[in-house]
Amino acid sequence: MRERSVDVLRGLAIVGMVLSGTISRNSELPAWLFHAQIAPPDFTFNPGLPGLTWVDLVFPFFIFAMGVAIPYSLGGLIHKGAGFGAIVRKLVVRSMRLFVFAVLLGQLSPWHYPGVEGYYPWLAALLSFAGFFLAFGRLPFADRYQHLAEAAGYVLLITLIVVRHSVFGLAFSFNKNDIIMLVLANLAFFGGLIWLFTHTNPTARLAVMALVFVLRLTHGVEGSVNQWLWSLSPAKLISAWLPWLQELLSAFGDLNKTVFYNPEFLKYLLILIPGTLAGDILLSNKARPAVGSRAALVFVITVVFNTWALQARETGWFWAFNIILGLLLIRRRQLLPGLQGKDLHIALWSYAWLLIGTAFEAWEGGIKKDPSTYSYLFVTAALSGFSLLALRQAVERQRWKNGLSLLANTGMNPMIGYVVVSYAIAPLLQFVHILSWMDRWHLAHPWLGVLRGLVLTLMMMFATQWFTNKKLFWKT
């Protein structure tokens, strides 16, 4: 059983990732079009600049959707009779494949060929897309030859890396990776493992969430067990116990830097675990959703208003609105008719995260994505939950059916959606001299740079939908 609204939320996140990465930077564009901490006019990262824009919501939306999907995927395995060991092996394989994907993306992007002129980076990108398709694709017409196709894909990708090194002198390093995919690899493993141990006891999962919260809060205490636990990593264990292996691996990267695991990645469990709780709630009651249009509108306004208030630094209005939202939930029978059952439970949990995030906003210099403040983690978890509820109402009432279908098809095939612009669409446009022309649009008018992003994002959505309709999925 699929929860269509989760696909839509995931698709919305992919659209946001691609759009935010393809808008041309122009100093005359407003700050809300970019990450709050990478604002115009100079687009220099400022870790002390508080705020929240729609761009800062994109990754939390994806993580929350990932959390909601965990009870569906792992719960389905349990229902089919899979044992604990088999599920753990599946989690390990899934996270390792995501790790490999992250490292390959870090080497093979057409923008990762510094100083290389000509068309080779674009040709290599197209070949990489073909390699990804073979290595990660599930091809319904070649099911008998799936393992052979995977092997061929990896051979092609390794060949491209060897050519990159031997011809262009660009060294391979597992420290060069796609940070988003690397974080997701960690969350796939740790989040899945946490759910597996606590799927019959959500209270224990909240205890794990509290432990992550406290360890991150207190790991800076010198000489403490908290600091030791937080800094523990596979790389340090390899260095201490297997120095010969460290020496061997040092040819491919620096073990003192992030390879697979980084304790800071665990902070996103404060978004993923609320997602798993929402997934449990959705699975616990098979009845159709009952959330009404008025409640859905309130949740959309909640997301928009909180984002505006935090970016505009109107913290007084931020507090006032969220208090009023609580009063609406208290008087829900009169003011929000139709909000009941599992949707009510998700709404109340989301409001709990919102209250915590609201109280933490004044701490750590205001809400910030990087380094993530507690306010950011809890507020975005809450806004993800409210967005899911609004999308559930839209899906159930079949509002904007075509647009939601396009988003859902994108969300069902997120790996393709994530890379198809860089590895297929952009190279093809470059070969016909259209991409370089689009890159100059923002020089004629700043908002034409936004149009560039919209065009490329729409092309991504239609391309991903085509693959989805043909049942050509990339899976980890």
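Next up on the list: the nonpolar core. Phe132 and Trp474 are the most contacted members of the largest nonpolar core, which has 140 residues in total. Ignoring anything within four residues of it in the chain, the contact list for Phe132 reads Phe101, Leu104, Leu105, Leu108, Gly137, Leu157, Tyr423 and Trp474.

Moving on, we get to the packing of helix 1 (residues 4-22) against helix 16 (residues 374-396). Between helix 1 and helix 16, whose axes approach to 9 Å, the crossing angle comes to 120°. When the interaxial angle is binned, helix 1 and helix 16 end up oblique. The hand of the helix 1/helix 16 crossing is right-handed. Of the residues in helix 16, those in contact with Arg4, Ser5, Val6, Val8 and Leu9 of helix 1 are Ser384, Ser387, Leu388, Leu391, Arg392 and Val395.

What follows is about the environment of Glu3. If you trace the backbone, Glu3 turns up in the segment before helix 1. When its relative accessible area of 18% is taken as the criterion, Glu3 is described as buried. In sequence terms Glu3 and Ser166 are 163 residues apart; their C-alpha atoms lie 47 Å from each other. Discounting residues that sit within four places of it in the chain, Glu3 has contacts with Tyr72, Leu282 and Arg392. One polar contact links Glu3 to Arg392, side chain to side chain, over a distance of 2.8 Å.

Parameters and conventions
- Residues numbered from 1 in each chain as written.
- Predicted model: local features only at pLDDT ≥ 70, side-chain atom pairs only at ≥ 80, totals over all residues.
- Heavy atoms only, no water.
- Core = buried A, V, L, I, M, F, W, Y, C linked by side-chain atoms within 4.5 Å.
- Buried < 20%, exposed > 50% of the residue type's maximum accessible area, 1.4 Å probe, protein only.
- Contact = heavy atoms within 4.5 Å.
- Axes fitted to C-alpha atoms, helices over the stretch in contact; angles between N-to-C directions.
- Helix = DSSP H or I, 4+ residues; strand = E, 2+ residues; numbered from the N terminus.
- Parallel < 35°, antiparallel > 145°, perpendicular 65-115°, else oblique.
- Left-handed = near helix turned anticlockwise from the far one by under 90°.
- Polar contact = N/O pair within 3.5 Å; in protein donor to acceptor, adjacent residues only side chain to side chain.

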